[in-house]
Amino acid sequence: MKKQIKIAAISAAGALCVGNAVRAALYRPKKEKLSPLPEERVDLDRYIETLREAIRCRTVSNPDEELVDWNEFEKLHRVFEERYPLLHEKLSKQPVGRAGIIFTWQGSDPSLKPIALLGHQDVVPVPKEKLPDWLHPPFDGDLADGFLWGRGTTDMKNHVVGVLESVETLLEDGFEPRRTVLICLGYNEEVVGAEASSATLISEVLKNNGVELESVLDEGGAILDLDIPHVMHNKLAGVGIAEKGYCDFEISVEAKGGHSSAPPKHSAVGELSKAIVALENHQFHARITPELKNIIDTAARNTELPLRLAGSHLPILLPLLKPVMTQIPPVASLMRTTTAVTMTHGSPQANVLPQKASATVNFRIMPGSSIAEVERHIRRVLKNKNVNVRLLGGDEPSAVSPTDTPSMRAISRICRGMFDMSAPVPFVVMGGTDARYYQSITDCIYRFSPFVMPPEILMLAHGTNERIAVDSLANGIVFFKRYIKTMAGDEA
Ligand SMILES: [Zn+2]
């Protein structure tokens, strides 16, 4: 009898092993054989030289428009004019606001809705104290060690110049669009809470002209080159189909104040602290969204064997992993509206009790939720009537763009044709982009920059030593040319 049990146990274990091996073998990146797309001509030298000149234009935006050096934007426009004469001859150019531009490449079929390629010309400043840390000056456009260095090389002059370069090359190739192609370039995307966002101005011009767009392509996603020993050696692309909302609330407590020598048990700061702790302890509900599930599934399919075996059991594992995932801040931020207490104010002097203590709390709102819902949450958590809650400002989360559309299919087809990789995964962008201001003229907004980047280079945007690998540049042009041809060519 014992022997029989042993044999049964061994067979069961064997079957389980075989089952798991089969499972892991079948659990692979979803790829299909694709017919190759025609080769695209790329004038890499011109693109690199133009990008270098663009980097040398210090187009730094500022919340106060009077502090912006608009000459630098004019200088950038002159670079575009000198480098891309055909584009300036064949496309119409409409200036918008202080330095915005709408280029219109008229298509032959007016029944087709135009596509728009967006970009911002501005960059974030380089703090003076960080200058010595730059291995190459941020506004010189140096080429060294296989990289092009400088502010804007990844965010996002590479993309803006890439679009213009691609159009110039398509014009030289004799391409004539059936569908109208718009290039919309803003100038203050990097300014949070700009008085007049250039993207709003541009989208209003289009709306007033009765334009309805087929789709918008802007920054936000990229092609990640992941090389983690024993885990993954693959490219994964993400296309932003929505972006989180943003709002700041002030919570405050008022008190009598007075001399600090005779304090109450809790001063206004003490009372406020209780409210802060309550907010931090009552986080928003976390959810594994379909987009997150798809991201994890695609990533897991691309891992190497031991991990891939675990990945093949994702439907069972994910609910178990959820509590762990909410403990990892970058992952948790994909699962819920986040709460960040960022500023506090109390008494103006050390020996004076505060008459008012206040804190600013920043929330990044999940698509589907709203600023009103954040306010309800705060009031529910802070049952204490002595705490005042005041909305300082914010932006609602964007709508979620559909994924079964011609533009999304084009992005996916072109990426898979260029690299042996899984289809790009849709995701929710954490920061804001100009694209959300186009929601009134299209439902199809995709945030994707077609440049291959390892995560450590991607992280340098807005930071010190921002740079881009020279060998990632040509594919950007190939992508934009193919995207325009697919969306605006004969098959459009
Ligand atoms: Zn940007």
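Cut-off values and rules
- Residues numbered from 1 in each chain as written.
- Predicted model: local features only at pLDDT ≥ 70, side-chain atom pairs only at ≥ 80, totals over all residues.
- Helix = DSSP H or I, 4+ residues; strand = E, 2+ residues; numbered from the N terminus.
- Buried ≥ 20, exposed ≤ 12 C-beta atoms within 10 Å, placed from the backbone.
- Contact = placed C-beta atoms within 7 Å.
- Pairing = 2+ DSSP bridges.
- Expected span 1.5 Å × (residues − 1).
- Domains from an automatic or database assignment.
- Nonpolar A, V, L, I, M, F, W, Y, C, P; charged D, E, K, R; others polar.
- Axes fitted to C-alpha atoms, helices over the stretch in contact; angles between N-to-C directions.
- Parallel < 35°, antiparallel > 145°, perpendicular 65-115°, else oblique.
- Left-handed = near helix turned anticlockwise from the far one by under 90°.

*Asks:* I would appreciate a short explanation of the environment of Tyr-446 in the present structure.
*Replies:* Relative to the helices and strands, Tyr-446 resides in strand β17 (residues 445-447). A tally of 23 C-beta atoms within 10 Å means that Tyr-446 is categorised as buried. Separated by eleven residues in sequence, Tyr-446 and Ala-435 place their C-alpha atoms 8.0 Å apart. The residues touching Tyr-446, leaving out its near neighbours within four places in the chain, are Ser-215, Val-216, Leu-217, Val-239, Ile-241, Ser-401, Ser-407, Met-408 and Ile-411.

*Asks:* Hey, could you run me through the pairing of strand β6 (residues 181-186) in this one?
*Replies:* Successive residues of a regular strand alternate their side chains across the two faces of the sheet. When you tally the buried positions in β6, you get six out of six residues, the bulk of the element. Neither face of β6 is open: one carries Val-181, Ile-183 and Leu-185, the other Leu-182, Cys-184 and Gly-186, and all of them are buried. Strand direction decides the pairing type here: strand β2 (residues 100-105) and β6, joined by five bridges, are antiparallel. What sits directly across from Phe-103, in β6, is Ile-183.

*Asks:* Explain the sheet that holds strand β5 (residues 147-149) to me, please; I cannot follow it from the model alone.
*Replies:* Strands belonging to one sheet form pairs held by backbone hydrogen bonds; the direction of such a pair is parallel or antiparallel. With antiparallel pairing, three strands are arranged side by side in an open sheet as β4-β5-β19. Lying at the two open borders of the sheet, with one neighbouring strand each, are β4 (143-144) and β19 (467-469). Across two bridges, β4 lies against β5 in antiparallel orientation. Each residue of the ladder has a partner; that of Ala-144, found in β5, is Phe-147.

*Asks:* Got a minute to help me understand helix α15 (residues 473-488) in this structure?
*Replies:* Helix length check: α15 (16 residues) gives 23 Å between terminal C-alpha atoms against 22 Å at 1.5 Å per residue, within 8%. Within α15, 13 of the 16 residues are buried, which leaves the element mostly enclosed by the surrounding structure.

*Asks:* Is there a simple way to think about the environment of Tyr-438 in this case?
*Replies:* Looking at the secondary structure, you find Tyr-438 in the loop between β16 (425-429) and β17. Judged by C-beta crowding, with 26 C-beta atoms within 10 Å, Tyr-438 ranks as buried. Once the C-alpha coordinates of Tyr-438 and Lys-207 are considered, the two residues, 231 residues apart in sequence, prove to be 9.2 Å apart. Every residue in contact with Tyr-438, bar those within four places of it in the chain, is listed here: Ala-116, Ser-203, Leu-213, Val-216 and Ile-445.

*Asks:* Just checking my understanding: could you explain the domain arrangement of the protein chain for this structure?
*Replies:* Think of interface size as the accessible area that goes away when the parts come together; that is how it is often given. Looking at the assigned domains, one finds that the protein chain contains domain 1 (44-227 + 398-488) and domain 2 (244-395). Each partner contributes to the interface: domain 1 provides ten residues, whereas domain 2 provides 14 residues. Per-class residue counts for the side of domain 1 that touches domain 2 are six nonpolar, four polar and no charged.

*Asks:* Just to check I follow, could you spell out the packing of helix α2 (residues 44-56) against helix α5 (residues 157-172) for this structure?
*Replies:* For any two helices packed against each other, the geometry comes down to the angle between their axes and how far apart the axes lie. Relative to each other, α2 and α5 sit at 135 degrees, their axes nearing to 10 Å. What the angle tells us is that α2 and α5 run oblique. The interaxial crossing formed by α2 with α5 has right-handed handedness. Residue-level inspection shows Arg-46, Tyr-47, Thr-50, Leu-51, Ala-54 and Ile-55 of α2 in contact with α5, the latter providing Lys-157, Asn-158, Val-161 and Glu-165. Considered class by class, the residues forming the contact of α2 with α5 number five nonpolar, two polar and three charged.

*Asks:* Looking at this structure, how should I read unusual backbone geometry?
*Replies:* Glycine aside, a negative phi is what most residues show, and trans is what most peptide bonds show. For the bond from Asp-155 to Met-156, the omega torsion is -15 degrees, close enough to zero to count as cis. Mapped onto the fold, Met-156 is located in the loop between β5 and α5. Backbone geometry at Asp-145 places phi at a positive 55 degrees, although glycine is not the residue there. Examined against the element boundaries, Asp-145 turns out to sit in the loop between β4 and β5. Look at Asp-145 and you get exposed, because 11 C-beta atoms sit within 10 Å. Phi at His-462 is positive, roughly 70 degrees, even though this residue is not glycine. Following the sequence through the fold, His-462 ends up in the loop between α14 (455-458) and β19. For His-462, a count of 15 C-beta atoms within 10 Å puts it in the partly exposed group.

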